[in-house]
Each structure stands twice: as structure tokens, then as C-alpha cells.
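# Examination of the molecular architecture
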Amino acid sequence: MKSVSLNVFPRTLGRRAGAKKLRSTGRIPAIIYGRQAQPQNLEVSAKELEDLIHHSVSENLLVDLAVEKDARPKRLALVQEIQHHPLSGKVLHIDFHEIAENEKVTVMVPVETAGEPEGVKTEGGVLEHVLFKVKARGLPKDLPEQITVDVSHLKIGMAIHLGEMKAPAGVELVGDKGIPVIAVSAPRTEEEEAAEAAEAAATTAGDVEMIKEKKEEGEEGAPAAKGAEKAPAKGAAAAPAGAKGAAAPAAAKGAAAPAKGAPAPAADKKAAPAEKKK
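Residues numbered from 1 in each chain as written. Predicted model: local features only at pLDDT ≥ 70, side-chain atom pairs only at ≥ 80, totals over all residues. Heavy atoms only, no water.

Evaluated as defined, the whole model comprises seven salt bridges. Note that R75 is salt-bridged to D70, the shortest N-O span being 3.5 Å. Assessed through its relative accessible area of 3%, R75 is described here as buried. Linking E98 and R72 is a salt bridge whose minimum nitrogen-to-oxygen distance equals 2.9 Å. Taken as a pair, E98 in strand β6 (residues 91–98) and R72 in the loop between β4 (62–67) and β5 (75–84) lie far apart in primary sequence, 26 residues in all. The class for R72 is partly exposed, based on a relative accessible area of 32%. Each member of the salt-bridge network shares a partner with another, and the members are D70, R72, R75 and E98. (Salt bridge = Lys/Arg side-chain N within 4 Å of Asp/Glu carboxyl O. Buried < 20%, exposed > 50% of the residue type's maximum accessible area, 1.4 Å probe, protein only. Helix = DSSP H or I, 4+ residues; strand = E, 2+ residues; numbered from the N terminus.)

Turning to the sheet that holds strand β8 (residues 126–129), a few remarks are in order. Reading across the sheet, the three strands line up as β8-β13-β11 and stay open at both edges, with antiparallel pairing between neighbours. Each edge of the sheet is formed by a strand with only one pairing partner; in this case those strands are β8 and β11 (159–161). Looking at each pair of strands side by side, their axes are set apart by 10° on average, direction ignored. Inspection of the sheet shows β8 paired to strand β13 (residues 180–185) by four bridges, in the antiparallel sense. (Pairing = 2+ DSSP bridges. Axes fitted to C-alpha atoms, helices over the stretch in contact; angles between N-to-C directions.)

Right, let's talk about the environment of E101 for a bit. With respect to the helices and strands, E101 occurs in the loop between β6 and β7 (105–114). Since its relative accessible area comes to 65%, E101 is described here as exposed. Between the alpha carbons of E101 and L139 there is a distance of 6.9 Å; along the sequence they are 38 residues apart. Excluding anything up to four places from it in sequence, E101 contacts L76, L139 and P140. (Contact = heavy atoms within 4.5 Å.)

The next thing to look at is the nonpolar core. With 24 residues, the main nonpolar core has V149 and M165 as its most contacted residues. When residues of this core are traced back to their parent elements, those giving at least two are β5, β7, β9 (133–138), β10 (147–150) and β13. Once residues lying within four places of it in the same chain are set aside, the contact partners of M165 are V111, I147, V149, I160, L173 and V181. If you look at the next biggest cluster of nonpolar residues, it comprises 21 residues, including A46, L61, V79 and V91. (Core = buried A, V, L, I, M, F, W, Y, C linked by side-chain atoms within 4.5 Å.)

What follows covers the confidence of the model for the chain. On average, the chain scores 78 in pLDDT, and the residues at 70 or more come to 71%. Mean pLDDT across the elements of the chain ranges from a minimum in helix α5 (residues 266–277), with 44, to a maximum in β11, with 96. (pLDDT = per-residue confidence, 0-100.)

Empty space left among the atoms is revealed by rolling a probe the size of a water molecule over them. Empty space within the largest pocket amounts to approximately 270 Å³. Together, S58, E59, N60, V79, Q80, E81, I82, T106, V107, M108, P110 and K133 line the largest pocket. Contributions of two or more residues to the lining of the largest pocket are made by β5 and β7. Taken together, the residues of the lining of the largest pocket sort by class into five nonpolar, four polar and three charged. (1 Å grid on protein atoms, 1.4 Å probe; cavity = no way out; pocket = protein on both sides within 12 Å on 5 of 7 lines; lining within 4 Å. Points joined across faces, edges and corners; volume = space filled by probe spheres on them. Nonpolar A, V, L, I, M, F, W, Y, C, P; charged D, E, K, R; others polar.)

This next bit is on helix α2 (residues 46–54). The complete set of buried residues in α2 reads A46, L49, L52 and I53. Buried residues of α2, seen end-on, are gathered within an arc of 130° and therefore sit on one face of the element. Among the exposed residues of α2, those oriented more than 90 degrees off its buried face are K47 and H54. The inward-facing, buried residues of α2 abut β1 (3–10), β2 (27–34), β3 (40–45), β4, β5 and β6. (Arc of directions from axis to C-beta.)

Encoded structure:
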């Protein structure tokens, strides 16, 4: 991968408001990080960066950064990530990963096809990209911007696996060697497409019905839960009153039982003369 020069500047404006103001001046916020030095906030000309991306095969770029007022005249870095606006597609932010020339790195490399598969041209098959990018590891100068695969020999039911792909010299493709990257499949009939559409519609209807049932169950269970909360409180209040009432008869019973050897009550003494008179 050939490196290209890019001029960048130290960034003073921070936070979201600062980034918005920076973009209004025609510059894009960026950051550089790596094992060579501490992370540093940067800014880059939007026009210069967009021209660089426009003329490159992919966003896998190896750049020689010239940071204004930096002690090092050039800093080798990979474009690690580019954030785009979801609607306009404009670049919002860019990450640079600083590396060394003799340091092996791993990047995601796009996979492109060359030729028309035989299974598509003569049998009406469909070319499928199972993987649009693969992991490649090597020195920065050896890494490709993309990997092109010849698919002209593929028939229906055939595939090209990761282990069958040829990488440039000094580059290793990382991952499961048996995983398919590109394949040619048989065309689907109208009946198969209709059955798949009907199955998808039935699944969606079932999900809606399940959500409706859960909602109804939740509405019915809410009053019951509220009543269940009140019941224990009422019972809990009645429990002390019952305990108090139960203690009173026990006390009365204990008072009615005279102690052994104690004199008879006064009422008994009065009843005795009445018996003699009779």
C-alpha cells in the first residue's frame, strides 16, 4: 500500500460545539493514536481529505501526516475509521492509527470480483458476496487496498473460500480458511419467493398478536396486584387487635383461679349464714 501525504493541524476546539464550529470553517475534527505517542486531537481540511478519499480505491489509506509545529516532520498512520453523516454522506470525523514501517498490522480489506461466473451467464444463477471484507495482516507497505478474485469459473453450487484466495506477497489472510467468501447459488422460483414472503408475513402477524396478548395480560394483572397489596395491610392491622383480645380472657381466667391455701372470698362467707337459717 502506497502512502500519501496529508497536512493536518493541532486542534484547539473541543467538545461537540467546538466540532460543529470547526466543520463550519471547512475543517474536519480528527484524532491520532498509537503506541508511538499519546493521543492528539487534530483537524484536517475537508476538501483535501475528500479529494484523497475520492481518488483512492477504498478507505484503507496509508498516510504520511505532516502535523503543523510538530517535532517530527512526518508521522505514518493508517486511516482507522471515517464517520459519515447518515443523510448527506459528508465526513464528520476521522481516526488515524499511528504505526511504524516495520510493524505488522491487521486491517479489513475489501473484496472485489473479476469476470462473470459461468453459473450466472449460462445457468441463471445468482452471485453472492458472503463476505465483503476480509482481515489481512502484514507490513504497511505490503498491505493491499483491495483483493480482486476471479469468479469466471464458478458454477451453481460452487464457492471460493478464504483459504483459496491468493493474498499479495508478505500478507496473510486471517480467519477460518473454510468460510465461503463468494458463492453462486441457484435462482429461486416464484413459488419459493411467495412462500418466503408468506412465512415472513405470518411471523410478523404472530409477533403482533403476542405483543397484544402480553399487553392485555398486563392490564388484567394490574388491579389484582393492587388488591393483593391492600389485603396484607388489612390483615396485619387486625392481627394486633386479636392478640389484645386473646390476652384479656387469659388474664381473667388467671384472676378467677385462687391460690392454694388462700382464704375464701368474701361472697362465700356471706352465703354460709343463709344456709344455717334455712
